Amino acid sequence: LLVGTDSRTDAHGNPLSEEEIAALRAGNEVVSNTDTLVLVRIPNDGSSATAISITRDAYVAVPGLGKSKINGAYGITKENERQKLLDRGTSEEEAERLSTEKGRQTLIRTVADLTGVTIDHYAEIGLLGFVLLTDAVDGVEVCLNEPVYEPLSGADFSAGTQTLHGSDEIGRAHV
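Described below are features of the structure shown in this document.

What follows covers the overall build of the protein chain. Helices and strands together make up the secondary structure of the protein chain, namely five helices and 10 strands. Here the protein chain, with 175 residues, has 34% of them falling under the buried criterion. When the accessible surface of the protein chain is split by element, carbon and sulfur atoms take 51% of a total near 10,500 Å².

One pass over the structure, following the stated rule, counts eight salt bridges. We note a salt bridge from Glu92 to Arg82, for which the minimum N-O separation is 2.9 Å. Taken as a pair, Glu92 in helix H3 (residues 92–115) and Arg82 in helix H2 (residues 73–87) lie far apart in primary sequence, 10 residues in all. You can call Arg82 buried: its relative accessible area is 13%. Overlapping salt bridges, with partners in common, bring together Glu79, Arg82 and Glu92 in one network.

Turning to the packing of H2 against H3, a few remarks are in order. Contact geometry for H2 and H3: axes closest at 7 Å, N-to-C directions at 145°. Once H2 is placed against H3, the crossing between them reads as right-handed. Residues Ala73, Tyr74, Thr77, Lys78, Glu81, Arg82, Leu85 and Leu86 of H2 form the contact with H3, whose participating residues are Glu92, Ala95, Glu96, Leu98, Ser99, Thr100, Lys102, Gly103, Arg104, Thr106, Leu107 and Thr110. Here the contact of H2 with H3 is built from residues that sort into seven nonpolar, six polar and seven charged.

Turning next to the environment of Asn33. Within the fold, Asn33 resides in the loop between helix H1 (18–24) and strand S2 (34–41). Sequence-wise, Asn33 and Asn71 are 38 residues apart; in three dimensions their C-alpha atoms are separated by 5.3 Å.

This brings us to the pairing of S2. The sheet contact formed by strand S1 (residues 2–5) and S2 spans four bridges and is antiparallel. Paired with Val3 across the strands is Leu37, a residue of S2. Of the pairings in the sheet, the one linking S2 to strand S3 (residues 50–53) comprises four bridges and is antiparallel in character. Its bridge partner lying in S3, Val40 is registered against Ala51.

With that out of the way, let us pick up the nonpolar core. If you look at the biggest cluster of nonpolar residues, it comprises 14 residues, and the most contacted ones within it are Leu1, Leu37, Ile70, Leu107 and Val111. Those elements that place two or more of their residues in this core are S2, strand S4 (59–62), H2 and H3. Not counting chain neighbours up to four residues away, the residues in contact with Leu37 comprise Leu2, Val3, Ile52, Ser53, Ile54, Ile70 and Leu107. Counting six residues, the second-largest nonpolar core is a separate cluster that includes Leu16, Ile21, Leu24 and Leu128.

Cut-offs used in this document
Residues numbered from 1 in each chain as written. Predicted model: local features only at pLDDT ≥ 70, side-chain atom pairs only at ≥ 80, totals over all residues. Heavy atoms only, no water. Helix = DSSP H or I, 4+ residues; strand = E, 2+ residues; numbered from the N terminus. Buried < 20%, exposed > 50% of the residue type's maximum accessible area, 1.4 Å probe, protein only. Areas by Shrake-Rupley, 256 points an atom, 1.4 Å probe, with all protein chains shown as cover. Salt bridge = Lys/Arg side-chain N within 4 Å of Asp/Glu carboxyl O. Axes fitted to C-alpha atoms, helices over the stretch in contact; angles between N-to-C directions. Left-handed = near helix turned anticlockwise from the far one by under 90°. Contact = heavy atoms within 4.5 Å. Nonpolar A, V, L, I, M, F, W, Y, C, P; charged D, E, K, R; others polar. Pairing = 2+ DSSP bridges. Core = buried A, V, L, I, M, F, W, Y, C linked by side-chain atoms within 4.5 Å.

Honestly, it's all geometry; don't read function into it.
Quick look at the structure:
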């Protein structure tokens, strides 16, 4: 399961600096949603892999939450668990670590229940990781059939092919 989150932390769970958050132009939202979910199957026989994207707005059964949009399974579970742990006197650092794991487990179980597929591996990338990855490959080419304008995120793209680069584009590309 490949997951893209709107997390405001680095790969080690440390909060991003104010400068990094400002460069991302993505706000200071506390809850981490999973805005990208891709289920990949790589056959043992070496044949071609297949991947399906699960829409972030799919309304599904989420263990412990009931019916919810799938992109909230991770973040809502994580925040609920974090608050419980803090109320019990757990340190902020430990609460963050444990609640993140609980959010991931709930998301994995939700996707497995939805698809009937056993999830063997999990990979996650946050906003900063996406920027760094995009820069590492010298941008990502996209092709839009129609122009996109979304003022809340700053997304403003003309129709056609263009290459997006890191933090110069991440705030505009979050649609």
